[in-house]
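Observations on the three-dimensional arrangement
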Amino acid sequence: MRRFAARWLHAGATALAVVLLLGGQATPAAALTTTPGDAAATAYTRDSVRAATWNMCGEAGGKYASEAGYCPWRNGNATDTGRKKPNGSPIYDYDGPRKKMEGVVKLIDERNLNAVLLQEVCAGTTPGDLYGTSHLDELAKLLAGKGWSFASAGVTRPDDSEEPERKDSELIDSEGSNCRGDALTGTLSVAIAVKGQITWKSENDFNTPVGTGLSMSSSTILCAEVAGWESHLCSTHISNFNADRYKAKDDPNWEVPISQTTAKAYYDKQIDIVVDTVKKFPSVVLGGDFNTSNQETLQPLYTLMAECDQKAYLPNDGVYNDAVNEVTKLTRTNASLRGDGGYLSYDITRSKIDYLFSTGGFTGCDSRTEFGDATNYLVDASGQPLCQKTDMVCTPDDDAYSDHTPVYGYTQGGPALSWKLDGSATATTGGTAGLTGASVDGTSDWRTAEHGGALSMDGRVDAAVAAGGPAFDTARSFTVSAWAKLDANAGTSAVLSQDGSRVSGVILFYNAGDNSWRFGLPRSDADGWSIDQAVAPGAVKGQWTRLTGVYDSATGKASLFVDGTKKAEATHTARWRASGPFVVGRDLVSGVRNAGFKGHIQRVEAFDHALRDDQVASYSGTMAAPTGENIAMQGPQGELSQGCHQHPGTFDNAFGTAGSLTPTLHATVRHPDPSKNVWAEFSLWDNTTGTQILSLGTPASKSTTTVKGQGTVSLTVPKLSPGHSYGWRVRTADDTTNNTPVSANCHFKAPAA
């Protein structure tokens, strides 16, 4: 961390509008302007990030519950190692740091997370330390062999001094305050843990003053790139100096007490740095402790990104309860103490000061409030009689890992199930992979000449293709989509469904009685035909049609889209979970397989969330900008960045180095029509000389490979100049148009000769 003790703001700074930075209950923020995220309506082109943010209070100070800075499992239980310190006293191992990280792993496993954004943890090893452990080391041990990697950025405590920044791109930062106490070693940090390879990180320090009597640390925003991910990740911890308005000036050189205007200026400056940082990434997930419940002070972030706990994703119907603005911080207040420092009584103030944001929007969010420390620490028979300053034996509840609770959310992303159904095994994910042949009895087969390849079905239910299990939870929000073409003599035909015990939980089908397409959701798993249906009349046989069904469980609305346009809507509130297999080509009614499809089906996909209307329109009719832009890089971990951002980088490592002077550029392209040939056009320029090498729309810019519908394409570029810096971007093209969105600019360096 680059540290500067000199003040960059003063009490006499230009006056700003005074806004009290609250630390209590979440302010209603009637004037707050929010965004759902995914402004381009193309989140379906990216993988979902399943992330949590959690302040672990891992380096807090108090040794018993009523002492300032107490946090559960800072030290934990001590075990004599048999080794001695230089002064002859015993060296103990403490289980507290590992216990905290066991809580993180429990959250990861329970919620199937692939990223965790942490604050107030220790990382690495303090030089010269002979004992103690760090939280990240313990987390790495617990996740060993599971493909996780880690990055950290140091934080400086308010009573510490600046430390020069190393010039190399160390993933585990060593510049910041050393963690205190025998149980801990390493640097006080914010951190990122991710299931994948971190290829690059950056730090943007806030440089708030230290050593001037202020009560809060000087922190940073840490960001990371992950191999193969479209989204960047950022973790931060914002300091709120409002309490320093009342702090005594115990040292004549101290800055405190400060004015409310100065406290706000310090806070706003940190938010400005965070905003400027996240703006540089095309897609980003940001989490952290923002030390305020006044959400209006975070308006610059709410304008840019969706905050996950601002909306309900499930109905509040007594079965599914999805509160918004949930608690993330538990603070003991109004305490009455005994003479030995133990608690006689106290209140617990619950507030929201931790937030999870994403540019891509969310499909779900929750605060795992059970993981906050609500332990009964009263020093009496009902509580803990030894929890005072003499004995200092305070035992947290089993799931009490921190005085903060984790906030986790899932960003909008691509389909949970995607079957090309074109006769090939490629691009088949979710449920059943390798759909390369006909069904068991041979009554369906592949027609490679039909719409670029499609599954042909003759109306018999045995021709259906079934997954090994469900693709989504029918009691929650979901989206299903397929291309379908009815034969001229087709009767009632189910395009797709998901089995319950007696009836399908969802059916996308053609109804021969009134020649309509229908999106139906049965009201219970029972015999008979009690169903809520969105009905779109005017189905055309012999014509390929794009069908999309969307169910939003929070609103109870079921919508049917035909060729990207909403044609019908129904209300469905009798939610239940169909836990049988996802099926293409039939449904289930009264326990009997029914409505075998007669015609052709192609590109079947299912999402575990409800697509918005604009997302359905884009998904059905737009060639979105290519994704997965990448080039093979060489160098150590942390210097392999694809450079698809505007960030200059803290260590001059913003862009990776290509493996050769003739690198191959790759991108994933997708056409909304699976029958269309599609490719990429690449633009390449020399940043060092300003020379354009490849221009969009020229023959040389076209990828050397073409795919049908979707796939990965590539282009090997002309020989580059050694050591030069290059930029490139790419767009999707087909036979009819090249006026399509262009990807973000990416950058790399050519290797030396």
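Residues numbered from 1 in each chain as written. Predicted model: local features only at pLDDT ≥ 70, side-chain atom pairs only at ≥ 80, totals over all residues. Heavy atoms only, no water.

Looking at the overall build of the protein
To keep it simple, the criterion reads: Only DSSP runs of H or I covering at least 4 residues are called helices, and only runs of E covering at least 2 are called strands; the numbering of each starts at the N terminus. Taken over C-alpha atoms, the radius of gyration is set against a globule rule of 2.2 Å times the number of residues to the power 0.38. Burial classification: accessible surface area is computed with a 1.4 Å probe over protein chains only, and a residue below 20% of its type maximum counts as buried, one above 50% as exposed, and the rest as partly exposed. In this analysis, two residues are considered to be in contact whenever any of their non-hydrogen atoms come within 4.5 Å of each other. Working definition of accessibility: Shrake-Rupley area with a 1.4 Å probe, residue cover restricted to the visible protein chains.
Helix and strand counts for the protein stand at five helices and 42 strands. A globule of 753 residues ought to have a C-alpha radius of gyration of about 27 Å, and the protein, at 29 Å, matches this closely. Over its C-alpha atoms, taken along the principal directions, the protein stretches across nearly 90 × 70 × 60 Å. Within the protein, the fraction of its 753 residues that count as buried is 57%. Sequence separation of at least 24 residues holds for 72% of the intrachain contacts in the protein that already meet a minimum separation of 6. Put simply, the protein shows about 28,200 Å² of open surface, and 49% of that area lies on carbon and sulfur atoms.

Some words on the sheet that holds strand β29 (residues 582-584)
Applicable threshold: The rule for pairing is simple: two strands pair if DSSP sees at least two bridges between them.
Read across the open sheet, the six strands follow the order β20-β29-β22-β23-β24-β25; overall the sheet is antiparallel. Each edge of the open sheet is held by one strand with a lone partner, namely β20 (465-466) and β25 (531-537). Across six bridges, the pairing between strand β22 (residues 493-499) and strand β23 (residues 504-511) is antiparallel. Bridge pairing in β23 places Q498 opposite V506.

Description of the side chain of R731
The condition that has to hold: Polar contact is defined as a pair of N or O atoms within 3.5 Å, subject to the rule that within protein one atom must be able to donate a hydrogen and the other to accept it, and that residues adjacent in sequence are counted only when both atoms are side-chain atoms.
Looking at the secondary structure, you find R731 in strand β41 (residues 725-733). Given a relative accessible area of 12%, R731 falls into the buried group. At 2.9 Å, the side chain of R731 and the side chain of E681 are in polar contact.

Notes on the pairing of strand β12 (residues 329-337)
Relative to strand β13 (residues 343-351), β12 is paired through seven bridges, and the arrangement is antiparallel. Bridge assignment links T331 to a residue of β13, and that residue is T349.

A look at the pattern of salt bridges
Here is the rule we go by: Here, a salt bridge means any side-chain nitrogen of Lys or Arg that lies within 4 Å of a carboxyl oxygen of Asp or Glu.
Tallying each qualifying case throughout the model produces 33 salt bridges. R46 is paired through a salt bridge with D38; the nearest N and O atoms lie 3.9 Å apart. In this structure, R46 and D38 share a single accessibility class: buried. Among the salt bridges present, the one from D182 reaches K85, with a minimum N-O distance of 2.6 Å.

Details of helix α3 (residues 260-278)
Residues that lie three or four places apart on an α-helix share one face, since the helix turns once every 3.6 residues. Defined as follows: A helix is expected to span 1.5 Å multiplied by its residue count minus one.
With 19 residues, α3 extends 27 Å between its outermost C-alpha atoms, agreeing within 8% with the 27 Å of an ideal straight helix rising 1.5 Å per residue. Within α3, 15 of the 19 residues are buried, which leaves the element mostly enclosed by the surrounding structure.

So, the state of the cysteines
Under the convention used in this document: Count a disulfide wherever a pair of cysteine sulfur atoms falls within 2.5 Å.
By the definition in use, this model includes six disulfides. With its sulfur 1.5 Å from that of its partner, C57 forms a disulfide with C71. Residue C57 is located in the loop between β1 (50-55) and β2 (78-84), and its partner C71 is located in the loop between β1 and β2; the two are separated by 14 residues in the primary sequence. We note that C57, like C71, is buried.

Looking at the pairing of strand β9 (residues 232-237)
This is how the line gets drawn: Seen with its strands pointing away from the viewer, a crossover is right-handed if its path from the first strand over the helix to the second goes clockwise.
For β9, the tally of buried residues reaches six of six residues, placing the bulk of the element in the interior. Here strand β8 (residues 220-226) runs beside β9; their pairing, made up of four bridges, is antiparallel. Residue pairing for β9: L222 is matched across the bridge by S235. The pairing of β9 with strand β10 (residues 284-289) spans six bridges and is parallel. Paired with T236 across the strands is G288, a residue of β10. Taken together, β9, α3 and β10 constitute a β-α-β crossover, and its handedness is right-handed.

Focus on helix α5 (residues 613-621)
All of the buried residues along α5 are Q615, V616, S618, Y619 and S620. Elements in contact with the buried residues of α5: β21 (478-486), β26 (545-552), β27 (557-562), β32 (598-607) and β36 (664-670).

Notes on the side chain of K100
To be explicit about the condition: Charge convention: Lys and Arg are scored as positive, Asp and Glu as negative, and His as well as the terminal groups of each chain are ignored.
Within the secondary structure, K100 sits in helix α1 (residues 96-111). For K100, which is buried and forms no salt bridge, the nearest opposite charge comes from D403, at a distance of 6.9 Å. A polar side-chain atom of K100 sits 2.7 Å from the main-chain carbonyl oxygen of Y401. Beyond its immediate sequence surroundings of up to four residues, K100 is in contact with M56, C57, G58, C71, P72, W73, R74, H135, Y401 and S402.

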